[in-house]
Amino acid sequence: FTEPVSVAVHAIDLANIQPGRSVAILGGGVIGLLLLQTAIRAGAAKTLVSEPVAEKRQLAKSLGADITVDPMNENLEQIGKDFTDCHGFDTVIDATGKIGPAKQAVFMAAKCGTVLWAAVYPEHSEIAVPPYYMYANELTIRSIIVSPYSFPRAVALLPKLQLKPLISHVIPLQDIKTAFELHKTGKAVKILIKP
């Protein structure tokens with residue numbers, strides 16, 4: 001878990017999360033759930049996780065999310081507005097790797113909010129963001145790719161996080177093909193390969 005926790009640590013550094021702030025995390029995979037735990041430890045007072053897989057939403061709830069949303073069947077933006085009294089979120093982090101949610105994150109942020117794209121997106125894809133909207137709302141958009149100088153802090157944080165619930169499957173090395181097939185379904189959180 002050291003590498004994904006280091007990603008979460010670096011993401012929180014860039015996400016402008018301060019005590020008492022509100023945070024929305026789009027995507028409840030291993031990175032999204034580590035972001036949730038790290039954001040709470042950084043002082044996030046109101047947290048929302050958007051995730052289409054019911055088991056992952058339930059896990060997010062058990063890890064401290066105040067509210068979870070099924071973006072395939074619920075109106076994420078409206079629920080976010082209701083949850084923040086129409087202000088939007090101080091920080092919105094997209095951890096889905098999908099263009100739709102990455103763009104949606106921009107419109108979920110509060111005035112002077114921060115949007116962090118914390119996923120790998122298709123290389124040649126583009127997201128249209130209206131410049132006037134950015135100007136009028138004074139938004140900051142950031143992204144991450146590496147986590148420099150975060151490993152020592154990640155190692156120190158490992159015993160403080162709830163990591164065991166994130167291990168959804170333990171697969172023997174000889175069944176590695178099964179692990180990859182399971183990963184493709186999108187239902188696994190973290191698959192541990194055991195020699």
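Look above for the structure.
Every chain's residues receive numbers from 1 upward, in the order its sequence appears when written. In keeping with the predicted nature of the model, local features appear solely for residues at pLDDT of at least 70, side-chain atom pairs appear and are counted solely at 80 or more, and the whole-chain, interface and lining totals rest on all residues. Side-chain calculation: all heavy atoms of the structure are included, whereas hydrogens and water are not.

### Overview of the sheet that holds strand S3 (residues 67–69)
Inference 1: Reading across from one edge, S3-S2-S1-S4-S5-S6 is the order of the six strands in this open sheet, with parallel pairing throughout. Because the sheet does not close on itself, it has two edges, and the strands there are S3 and strand S6 (140–143). Strand-to-strand twist across the sheet, computed as the mean angle between neighbouring axes with direction ignored, equals 15°.
Inference 2: Bridge count between strand S1 (residues 22–26) and strand S4 (residues 89–94): four bridges; the pairing is parallel. Opposite valine 23, over in S4, you have threonine 91 as the bridge partner. Any two strands are treated as partners once DSSP identifies two or more bridges connecting them. Labels follow the DSSP assignment, with helices taken as runs of H or I lasting at least four residues and strands as runs of E lasting at least two, numbered in each case from the N terminus. For helices, the fitted line uses only the C-alpha atoms of the stretch in contact; every axis is such a line through C-alpha atoms, and the angle between N-to-C directions lies from 0 to 180 degrees.

### A short note on the pairing of S4
Inference 1: The rule is simple: take the accessible area with a 1.4 Å probe, protein chains only, and divide by the maximum for that residue type; under 20% is buried, over 50% is exposed, in between is partly exposed. For S4, the tally of buried residues reaches five of six residues, placing the bulk of the element in the interior.
Inference 2: Across five bridges, the pairing between S4 and strand S5 (residues 109–117) is parallel. Bridging across to S5, valine 92 finds its partner in valine 115.
Inference 3: With strands facing away from the observer, any crossover in which the path from the first strand over the helix to the second runs clockwise is taken as right-handed. Each parallel crossover has a hand, and the one from S4 via helix H5 (residues 99–108) to S5 is right-handed.

### Re the packing of aromatic side chains
Inference 1: We call Phe, Tyr and Trp rings a pair once their centres come within 6.5 Å, taking the six-membered ring for Trp, and we label the pair stacked below 30 degrees between planes, edge-to-face above 60, and tilted otherwise. Counting across every chain of the model gives four aromatic pairs.
Inference 2: For the ring pair phenylalanine 107 and tyrosine 133, a centre distance of 4.7 Å and an interplane angle of 50° mean the geometry is tilted. In this pair, phenylalanine 107 is assigned in helix H5 and tyrosine 133 in helix H6 (residues 131–137), connecting sequence segments 26 residues apart.
Inference 3: On the accessibility criterion, phenylalanine 107 (29% relative accessible area) is partly exposed.
Inference 4: Placement of a positive charge over a ring is assigned whenever Lys NZ or Arg CZ falls within 6 Å of the ring centre and within 35 degrees of the normal to the ring plane. It is lysine 46 that lies over the ring of phenylalanine 83; its NZ or CZ is 4.7 Å from the centre.
Inference 5: Cation over ring: lysine 190 sits above phenylalanine 1, and NZ or CZ is 5.8 Å from the ring centre.

### Considering a nonpolar patch on the surface
Inference 1: Residues Leu173, Ile176, Phe180 and Ile193 make up a contiguous nonpolar surface patch of about 340 Å² in total accessible area.
Inference 2: Here phenylalanine 180 lies in helix H8 (residues 176–185).
Inference 3: Taking the relative accessible area as the measure of exposure, phenylalanine 180 reaches 53% and is therefore exposed. Residues form patches when they are more than 30% accessible in relative terms and have no salt bridge. Like charges link within 9 Å. Nonpolar side chains (Val, Leu, Ile, Met, Phe, Trp, Tyr) link within 5 Å. Areas reported as accessible are Shrake-Rupley estimates using a 1.4 Å probe. Residue values count occlusion only from the protein chains shown. Salt bridges are defined by distance alone: a side-chain nitrogen of Lys or Arg within 4 Å of a carboxyl oxygen of Asp or Glu.

### As for the pattern of salt bridges
Inference 1: Under the criterion given, the structure shown has three salt bridges.
Inference 2: Taking the shortest distance from any N to any O, the salt bridge between arginine 153 and aspartate 13 comes out at 2.9 Å. Of this pair, arginine 153 sits in helix H7 (residues 151–157) while aspartate 13 sits in helix H1 (residues 2–14), placing them 140 residues apart in sequence.
Inference 3: Residue aspartate 13 is classed as partly exposed on the basis of its relative accessible area, which comes to 42%.
Inference 4: Linking glutamate 181 and lysine 184 is a salt bridge whose minimum nitrogen-to-oxygen distance equals 3.6 Å. Note that glutamate 181 and lysine 184 are positioned in helix H8 at a spacing of three residues, about one turn of the helix.

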